[in-house]
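Here is what each chain is made of, one letter per residue.
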Amino acid sequence: IVVAQAPLIGVCNGRVADNLPPEGEVVAFYTANGITKMRIYEPDQFTLQALNNTSIELALDVPNEVIPTLAGDPAAATAWVQTNVISYTPSVQFRYIVVGNEVMPTDPISQSVLPAMHNIQNALAQSPAAAAANVKVSTTIRVDLLGTTYPPSAGAFADSATAYVVPIVQFLAANGAPLLANVYPYFAYIGSSGQVALDYAIFGTGGRVVVHDGVLGYQNLFHAMVDSVYAALEKAGAPNLQTNGTVTSGTPKRPGQPVETYLFAMFDENQKPGAASEQHFGLFTPDKQPKYPLVKFTN
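The structure contained in this document is the topic of the report that follows. (Residues numbered from 1 in each chain as written. Predicted model: local features only at pLDDT ≥ 70, side-chain atom pairs only at ≥ 80, totals over all residues. Heavy atoms only, no water.)

### Digging into the side chain of Ser 228
Then comes step 1: Considering the arrangement of structural elements, one finds Ser 228 in helix 10 (residues 221–235).
Then comes step 2: With residues up to four places along the chain from it excluded, the contact list for Ser 228 reads Leu 146, Thr 149, Pro 152 and Gly 155. (Helix = DSSP H or I, 4+ residues; strand = E, 2+ residues; numbered from the N terminus. Contact = heavy atoms within 4.5 Å.)

Here it is as structure tokens:
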């Protein structure tokens, strides 16, 4: 995969491993490879310190386990923002605060996500640091919040997810923030029982249209998944809301509208739980060797 549009491309920096380079080396490695955006899944102070005075823009997660506290206590949200954002501003270029990763409507914390987003948004807005006031607050959803994904134009949130996700979408639209969506063609492919062709899943069709959806034609599964999220957002009353996730100049549904993509992940993580594949999603091995020679980040 040759990745162009480098200003729009970031890489997730997962740290669930015991053999990764120190945070300072990781940040330097991002810079050396022309990677201009990073996502981290918790406010790791060593990573935040290493990002000081760099040009890397940061998407910082609020871990799921602390969301109820920040939702129930505005003072706790203010303290969290002060410790993890304000104290590093403007030396660290915060782009998003991501309140929760893949929270499902059935999760006990689901009712706390939106109140926590409000409290963090208010804490940022009240900050005397202008750079902090411009940081967008969002959350990350799983694509399986959609009850329908095929064809892409039929994309719609499941009835069981509507009460959870629609108020969040309304909050994002009101604040000019994007919805973050974890779009994983790999999982869609392995879960398709052979109905999805491998070349379609890995951008390997050579420009051949595989899926026809009205006047739109899809050459890869990734674009189809992203457009199903766009369709769901339209049905939820947010037709102009952006989402994160295309590596080209747009999707068939929104051509010419490139949006940010954070590839998962920078390094293999040898302590990730679950299937063995979870430990092997890195673009690089922990000793910084590229696993995919054709991957290139350009300015």
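Back to the write-up after that little detour.
### A short note on the layout of surface pockets
Then comes step 1: Of the volumes computed, that of the second largest pocket is approximately 150 Å³.
Then comes step 2: Lining the second largest pocket are Thr 89, Pro 90, Val 92, Gln 93, Phe 94, Arg 95, Tyr 96, Ala 131, Ala 132, Asn 134, Val 135 and Lys 136.
Then comes step 3: Every element with two or more residues in the lining of the second largest pocket is listed here: strand 4 (93–101) and helix 6 (130–133).
Then comes step 4: Tallying contributions element by element places strand 4 first for the lining of the second largest pocket, with four residues.
Then comes step 5: Residues that form the lining of the second largest pocket fall into these classes: seven nonpolar, three polar and two charged. (1 Å grid on protein atoms, 1.4 Å probe; cavity = no way out; pocket = protein on both sides within 12 Å on 5 of 7 lines; lining within 4 Å. Points joined across faces, edges and corners; volume = space filled by probe spheres on them. Nonpolar A, V, L, I, M, F, W, Y, C, P; charged D, E, K, R; others polar.)

### A closer look at the side chain of Glu 269
Then comes step 1: Considering the arrangement of structural elements, one finds Glu 269 in the segment after strand 11 (261–263).
Then comes step 2: Here Glu 269 occupies a buried position and makes no salt bridge, while the nearest side chain of opposite charge, Lys 272, is found at 4.2 Å.
Then comes step 3: When residues no more than four places from it in sequence are discounted, the contact partners of Glu 269 are Gly 14, Arg 15, Val 16, Ala 17, Phe 264, Glu 278 and Gln 279. (Buried < 20%, exposed > 50% of the residue type's maximum accessible area, 1.4 Å probe, protein only. Lys, Arg positive; Asp, Glu negative; His and termini not counted. Salt bridge = Lys/Arg side-chain N within 4 Å of Asp/Glu carboxyl O.)

### Here's the deal with the pairing of strand 2 (residues 37–40)
Along any regular strand, the residues point their side chains to alternate faces of the sheet.
Then comes step 1: The side-chain alternation of strand 2 yields two buried faces, one formed by Lys 37 and Arg 39 and the other by Met 38 and Ile 40.
Then comes step 2: Inspection of the sheet shows strand 1 (residues 9–12) paired to strand 2 by three bridges, in the parallel sense. Residue Gly 10 lies in a different strand from strand 2, and its bridge partner there is Lys 37.
Then comes step 3: Regarding the hand of the β-α-β motif, the stretch spanning strand 1, helix 1 (residues 23–32) and strand 2 is right-handed.
Then comes step 4: When strand 2 meets strand 3 (residues 57–62), the two strands line up parallel, connected through four bridges. Residue pairing across strands places Arg 39 opposite Ala 59, the latter belonging to strand 3.
Then comes step 5: Taken together, strand 2, helix 2 (residues 45–50) and strand 3 form a β-α-β motif whose crossover is right-handed. (Pairing = 2+ DSSP bridges. Right-handed = clockwise from strand over helix to strand, strands pointing away.)

### Topic: helix 1
Then comes step 1: Looking only at helix 1, the buried set comprises Glu 23, Val 26, Val 27, Phe 29 and Tyr 30. One side of helix 1 carries all its buried residues, which in axial view fall inside an arc of 155 degrees.
Then comes step 2: In this fold, the buried residues of helix 1 make contact with strand 1, strand 2 and helix 2.
Then comes step 3: Once helix 1 ends, the next one or two residues include Gly 34, with phi positive near 70 degrees. (Arc of directions from axis to C-beta.)

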